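Each chain, written out:
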Amino acid sequence: MSGNMNLTLKVWRQKNNKTRGKFVTYNANGISPDMSFLEMLDVVNEDLVRKGEDPIHFDHDCREGICGMCSLHINGRPHGPNQLTTTCQLHMRSFHDGQTIVIEPWRAAAFPVIKDLAVDRTAFDRIQQAGGYVNVNTGGVPDANSIPIPKAVSDEAFESATCIGCGACVAACKNSSAMLFVSAKVSQYALLPQGQTERYSRAQAMVNQMDAEGFGSCTNTGACEAECPVGIKLTNIARLNREYFTAKLFKEEEVH
Amino acid sequence: MLDSKVPAGPLAEKWSRHKFNLKLVNPANKRKYTIIVVGTGLAGSSAAASLAELGYNVKAFCYQDSPRRAHSIAAQGGINAAKNYQNDGDSVYRLFYDTVKGGDYRSREANVHRLAEVSVNIIDQCVAQGVPFAREYGGLLDNRSFGGAQVSRTFYARGQTGQQLLLGAYSALNRQIHKGTVKMYNRHEMLDLVTIDGHARGIVTRDMITGEIESHEGHAVLLCTGGYGNVFFLSTNAMGCNVTAAWRAHKRGAFFANPCYTQIHPTCIPVTGDHQSKLTLMSESLRNDGRVWVPKTVELAQKLRKGEIKIADIKEEDRDYYLERKYPSFGNLVPRDVASRNAKEVVDEGRGVGASGIAVFLDFEDAIKRLGEDAVRAKYGNLFDMYHQITDENPYKQPMRIYPAVHYTMGGVWVDYNLMTTVPGLYALGECNFSDHGANRLGASALMQGLADGYFVIPYTVGDYLAGIGFDPVDKNHPNFEKTRKEVEERVHHLLSLKGNKTVDDIHKKLGHIMWEYCGMARNEAGLTKAKELIRELRQEFWDDVTVLGENEEMNQSLEKAGRVADFLELAELMVEDALHRRESCGGHFREESQTDEGEAKRDDENFSYVAAWEYKGDGQAEVLHKEALEFEYVKLTQRSYK
Amino acid sequence: MNKSKPLLSSTLGKKLIMSLTGLFLCTFLIVHLIGNLQLFYNDQGKAFNDYAHFMTHFTPIKVVSYLLYTSIVIHAVYALVITIHNKKARPIGYAVYRGSANSAWNSRNMGLLGTVLLVFIVTHMSNFWWKYHNDAVPYIEYRTNLATHETTATELIAGEYTGYVKYVDNDFEILKAKDLYKQVQFAFQNWILVAFYVIAMGALSFHLIHGFKSAFQTLGWDHKKYAPIIRFIGIWLFGVVIPIGFAAMPLYFYFSN
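About the thresholds
Residues numbered from 1 in each chain as written. Chains lettered and ligands numbered in written order. Predicted model: local features only at pLDDT ≥ 70, side-chain atom pairs only at ≥ 80, totals over all residues. Heavy atoms only, no water. Helix = DSSP H or I, 4+ residues; strand = E, 2+ residues; numbered from the N terminus. Rg over C-alpha atoms; globule rule 2.2 N^0.38 Å. Buried < 20%, exposed > 50% of the residue type's maximum accessible area, 1.4 Å probe, protein only. Contact = heavy atoms within 4.5 Å. Areas by Shrake-Rupley, 256 points an atom, 1.4 Å probe, with all protein chains shown as cover. Domains from an automatic or database assignment. Buried area = accessible area lost by both parts, 1.4 Å probe. Salt bridge = Lys/Arg side-chain N within 4 Å of Asp/Glu carboxyl O. Polar contact = N/O pair within 3.5 Å; in protein donor to acceptor, adjacent residues only side chain to side chain. Nonpolar A, V, L, I, M, F, W, Y, C, P; charged D, E, K, R; others polar. Pairing = 2+ DSSP bridges. Core = buried A, V, L, I, M, F, W, Y, C linked by side-chain atoms within 4.5 Å.

Visitor: Could you give an account of the overall build of chain B, naming the residues involved and the relevant values?
Guide: The helix and strand tally for chain B stands at 18 helices and 19 strands. Relative to a compact globule of 643 residues, whose C-alpha radius of gyration would be 26 Å, chain B shows 24 Å and is just as compact. The dimensions of chain B, computed from C-alpha atoms along their principal axes, are 75 × 60 × 50 Å. Put simply, chain B has 643 residues, and 67% of those count as buried. Taking contacts inside chain B between residues at least 6 apart in sequence as the whole, the part at least 24 apart equals 74%. Just so you have it, chain B exposes about 21900 Å², and 48% of that area is on carbon and sulfur atoms.

Below, the structure is given as structure tokens:
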């Protein structure tokens, strides 16, 4: 064992989408403060496997905070107690010896549990498929420098584009609203000249899909912004509202 | 000898001429073809989207929960393109030349030139998609010099270029999914290739949620499944990165080329303990201002490790800025392989720092004195924050600790100029193939290659093959589909029947240690021979004593891992075999027997100027080496020197 | 190609309704407060009672008032619809949910605050509006000497009046109007009612601190330069001045007796 922290974990275990889940308590002993949260779970899982018990399933991949695959609702907060941090970048030094940690999956009707802590976030993919792109084919595009874009606009679009699609916004929101996610993508294209041609049909298409997936409405609590691991701002949501209402009230574009 | 199918003619005209000579598929017939794309990183997403735009039916597969999570997303630095927007003398030819030279003259000239040619189109394409590259105040695109290049040709989006490029390709893919031209299979892992009469005609996948093992048919199969760095257990790759798809294809007849070429990145955050699951890269731009050092003597290093003295107690004259000392003209900016090897050398001497002693310092004290803390923060703030978060040490106050880590694999599935493997109808794109980086990849070139292959090469070359085979539907009822599916099923059930005492990670970690120790930054005959033996024993241990829990018909991460590690255990032996046979040093492959008097890598162009492509001959049988001669008509071979 | 869903069936459309009705109610509060400040005139309620008559009988204002009642109903109904939808969006809740770490309490409890306000509005209207409109309020007569500006008030009993009148008779201005002022004075002798009003105004404050800026966010009226002004108005005018102004009325009558 490589550390001296002993923790009690209460972990949501659920075999699949058709069965009911429950909390199971585990002891995580000998945890080093230098471990990441997921490495702590690795240690617990190795013990479980040695005992012949099914390890705790959770989604993760890059473990450097960019792929957006890790999730986990830790002690009441998505991605745990730290700000601007994904679960994979959360380290055990943010906890103390003897602490009890409750680990739950993202909770939303649109994110059904697949197993234990892993949820199905393909709703996000479908929203993007509804309109999160510029309709250009490969080839036949103008030179990259043919359209100058003011640095401030480009930087703002970049800020919106940094969304990693993890779903913490939905998990944090008391209404399970996906507005921050949708607005980040709509904003990126609404700001850039490349996105102008389909600006209003895009906002409508993506909102339609968002609603169809069963996410809740935004009540502007700001929880999403506070919990977003990459700092996507609420101004994006205001922009989405603007884009959508402008589209609905003043434009006649159809949704593709 | 392997035929690379490189077209004749002057280098700069090869690709244009070849495009003209390639057969075309009639637009009305394209929809009668189905193309399978495995993997949705830069290469896979861009290929799937571009082919669907042309009118082909595409089936795309990824093991992640969304195509957007592929590990291309983690690339930080940037993407090269010979745009010469900065008027600093860049050109297609210069990018070509730099890439061949950077690859230590072990890549194919024609491929690299094509890569440099299409690099300019990539930037145009990405900008048109709305990728928010960094810009200057005038509104035009910004560039920086990267990885010691003499020109500023790297386009970037802060420290998240890979993410922005992948999201661009993902958006193009989404557009096609919406149109119904791409059928996307998330959380599906390719477990085998189906061949009929020697041609690739489909794949077998496992649905990672239901466990269903299904076969999918297509007229061509594109492997865009990335590299195999995770054979080392610890690497900067994502946890799920694996060689399985490529390895299964290899066992079905695709030759595997240069498996020993591994890139070890010098600036990663060091390992803290056995629990470590992966390594985090810090952009190499840090070496522009950071100074690398260790204590001059072993005694001082020991005291420091034990905490008897503090870093500040080590006087300037007791610090060894070894890169500056040994390479006065390049200093801290020597190429990745040189920086990495030197770090290993000082650590092996016992002069390493940090509690484990397996790290060197990267010190910003001088930069902070010279530029001020604010200027340093503006340049590297996000990297410093990341370091601080992971290590709990403040790099503004004390030097960073860094150590090399496995980052990229230049080797991969052998492909010809058309990106086709030795199995007709089977293609390999991006990091999965071996083609463009020779023995060492330059910074900001991986993203370039992935997108070049997907957007601008495969849409032309795959048509040539398809036009030749006719558009009759693939016979779904061909016995090979069921046969291969059964084989996969048996393999899965065999894995699930293993009920030993070791976990899959136990074995994987052991494999990592063996590979790092004997087939890592420096390799020698004795070590490699030993490694071969150790790997065989370990493979036996795996099948005898590992335990795999759960059942197939559910999400089962134990099973997923076990299948991947089983394949790594086979690949590892081939890597060692390849490293053993290549008795020269080149790029990422450093053979201790082949070095200059000054301890630098020494190539042996006379005997090893070839691509080593290995053919699988059956379980337990030695793989057969095929050589593709590398001929250099344009580039002059020189020994690299950074003194 | 398919037509997009109608505006009001989308989650955003519903929020638009909440935002517009909410802002309309906010503007009403300003008018209502300014008008009711006449309760503090030391004139035996003359100005207030006269104003009350004007507000209930001037046609344009009557139209606006019906708009107002409709807004209250729509605001409440849509709140309910949205809340039900939002509950459905998370059928299984968290065992541990630390909302306090990421959002303000009031922003998460607008429904609760709104319910308090709805109960308040019903109480308030049945106390005053209902009685006023249903002849439950007796009349009062004010005689003001136009030379000295002295006013005397006389309570009228049934039969002594036929409705609102205001005229000048010699040097006196005569005003006969429903004595709502008296009703107010009377009602606020009850400490329970006073306490309820004060609590409700607390709820109003919290409701509007979130609601006012939230309405602008929903409309998409967000701008680096102007958002701070909206936040300022939301907190200081709607969160502090207006609720304190209203709460001062019951307290004034309770303690001045």
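Visitor: Residues and numbers for the domain arrangement of chain C, please.
Guide: Note on interface size: it is often stated as the accessible area lost on association of the parts. Residues and elements named next belong to chain C. Splitting chain C by domain gives domain 1 (7–136 + 181–256) and domain 2 (138–178). Inter-centroid distance (C-alpha atoms) of domain 1 to domain 2 is 34 Å. Counting residues at the interface gives 13 residues for domain 1, matched by 13 residues for domain 2. Where domain 1 abuts domain 2, roughly 1100 Å² becomes buried across the two surfaces, and 50% of that area is made up of carbon and sulfur atoms. Looking only at domain 1, the three residues that lose the most surface to domain 2 are Gln44, Lys46 and Asp50, adding up to 48% of its buried area. For Glu155, the salt bridge is made with Lys182, and the minimal N-O distance between the two is 3.3 Å. On the surface where domain 1 and domain 2 come into contact, there are 10 residue pairs in polar contact (both at pLDDT 80 or more). Among the elements of the structure, helix 2 (46–57), helix 5 (110–133) and helix 6 (180–187) are those that each provide at least two residues to the side of domain 1 that touches domain 2. No other element matches the 4 residues that helix 2 contributes to the side of domain 1 that touches domain 2. Residues of the side of domain 1 that touches domain 2, tallied by class, amount to 2 nonpolar, 6 polar and 5 charged.

Visitor: How would you summarise the environment of Ala47(C) if you had to cite specific residues and measurements?
Guide: Residues and elements named next belong to chain C. Its location among the elements puts Ala47 in helix 2. Separated by 11 residues in sequence, Ala47 and Asn36 place their C-alpha atoms 9.8 Å apart. Residue contacts for Ala47: discarding those within four places in its chain leaves Gln38 and Tyr41.

Visitor: Which residues make up the pattern of salt bridges, and what values go with them?
Guide: Pairs may arise between side chains of opposite charge once their charged atoms sit close together. Residue and element names in this part refer to chain B. Scanning the entire structure with this criterion turns up 81 salt bridges over all chains. Across the pair Lys326 and Glu345 runs a salt bridge whose closest N-O atoms are separated by 3.2 Å. Here the residue Lys326 occupies a position in helix 9 (residues 322–326), and Glu345 occupies one in helix 10 (residues 336–348), the gap between them amounting to 19 residues. In this structure Glu345 comes out as partly exposed when scored by relative accessible area, which is 39%. For Arg485, the salt bridge identified is with Glu489, shortest N-O distance 2.8 Å. Of this pair, Arg485 and Glu489 both sit in helix 14 (residues 479–497), 4 residues apart, which is roughly one turn of that helix. For Arg485, a relative accessible area of 17% translates into the label buried. Taking relative accessible area as the criterion, Glu489 reaches 21% and is therefore assigned partly exposed. Taken together, the shared-partner salt bridges in this structure form one network comprising Asp104, Arg106, Arg582, Glu584, Arg603 and Asp605.

Visitor: Give a detailed account of the interface of chain B and chain A, specifying residues and quantitative values.
Guide: Taken together, the contact between chain B and chain A spans 77 residues of the former and 78 residues of the latter. For the pair chain B and chain A, the number of links is 10 salt bridges. The shortest N-O distance in the salt bridge between Arg93(A) and Asp392(B) comes to 3.8 Å. Across the contact surface, chain B and chain A share 50 residue pairs in polar contact (both at pLDDT 80 or more). At the level of secondary structure, the elements contributing two or more residues to the side of chain B that touches chain A comprise helix 3 (42–54), helix 5 (109–129), helix 6 (161–179), helix 12 (373–391), helix 13 (446–469), helix 15 (504–518) and helix 17 (557–581) of chain B. Top contributing element to the side of chain B that touches chain A by residue count: helix 6 of chain B, with 10 residues.

Visitor: Residue-level account of the sheet that holds strand 15 (residues 400–409) of chain B, with values.
Guide: The strands making up a sheet associate through hydrogen bonds between their backbones, and the pairing can be parallel or antiparallel. Residue and element names in this part refer to chain B. Strand order across the open sheet formed by 5 strands is 11-15-14-12-13, with antiparallel pairing between neighbours. Unpaired on one side and paired on the other, strand 11 (262–268) and strand 13 (319–320) mark the two borders of the sheet. In terms of strand pairing, strand 11 meets strand 15 through 5 bridges, oriented antiparallel. Its bridge partner being in strand 15, Gln263 is matched across the sheet by Tyr408.

Visitor: Can you explain the domain arrangement of chain B? Please cite residues and give values.
Guide: Residue and element names in this part refer to chain B. According to the domain assignment, chain B contains domain 1 (11–262 + 408–469), domain 2 (264–406) and domain 3 (488–606). Here the C-alpha centre of domain 3 lies 29 Å away from the C-alpha centre of domain 2. At the junction of the two partners, domain 2 supplies 12 residues and domain 3 supplies 10 residues. In this assembly, domain 2 packs against domain 3 so that about 880 Å² is buried in total across both faces, 62% of it on carbon and sulfur atoms. When the area that domain 2 buries against domain 3 is broken down by residue, the three leading residues are Ile264, Arg341 and Lys344, summing to 55%.

Visitor: Before we move on, can you summarise the nonpolar core with the specific residues and values?
Guide: Phe215(A), Ile79(B), Phe133(B), Leu222(B), Tyr427(B), Met515(B) and Phe542(B) are the most contacted members of the largest nonpolar core, which totals 271 residues. For this core, the element with the highest residue contribution is helix 17 of chain B, accounting for 13 residues. Non-local contacts of Phe542(B), meaning those with residues more than four positions away in its chain, are made with Leu495(B), Leu498(B), Ile507(B), Ala562(B), Val565(B), Ala566(B) and Leu569(B). Val11(A), Ile31(A), Met40(A) and Val44(A) belong to the second largest nonpolar core, which has 28 residues in total.

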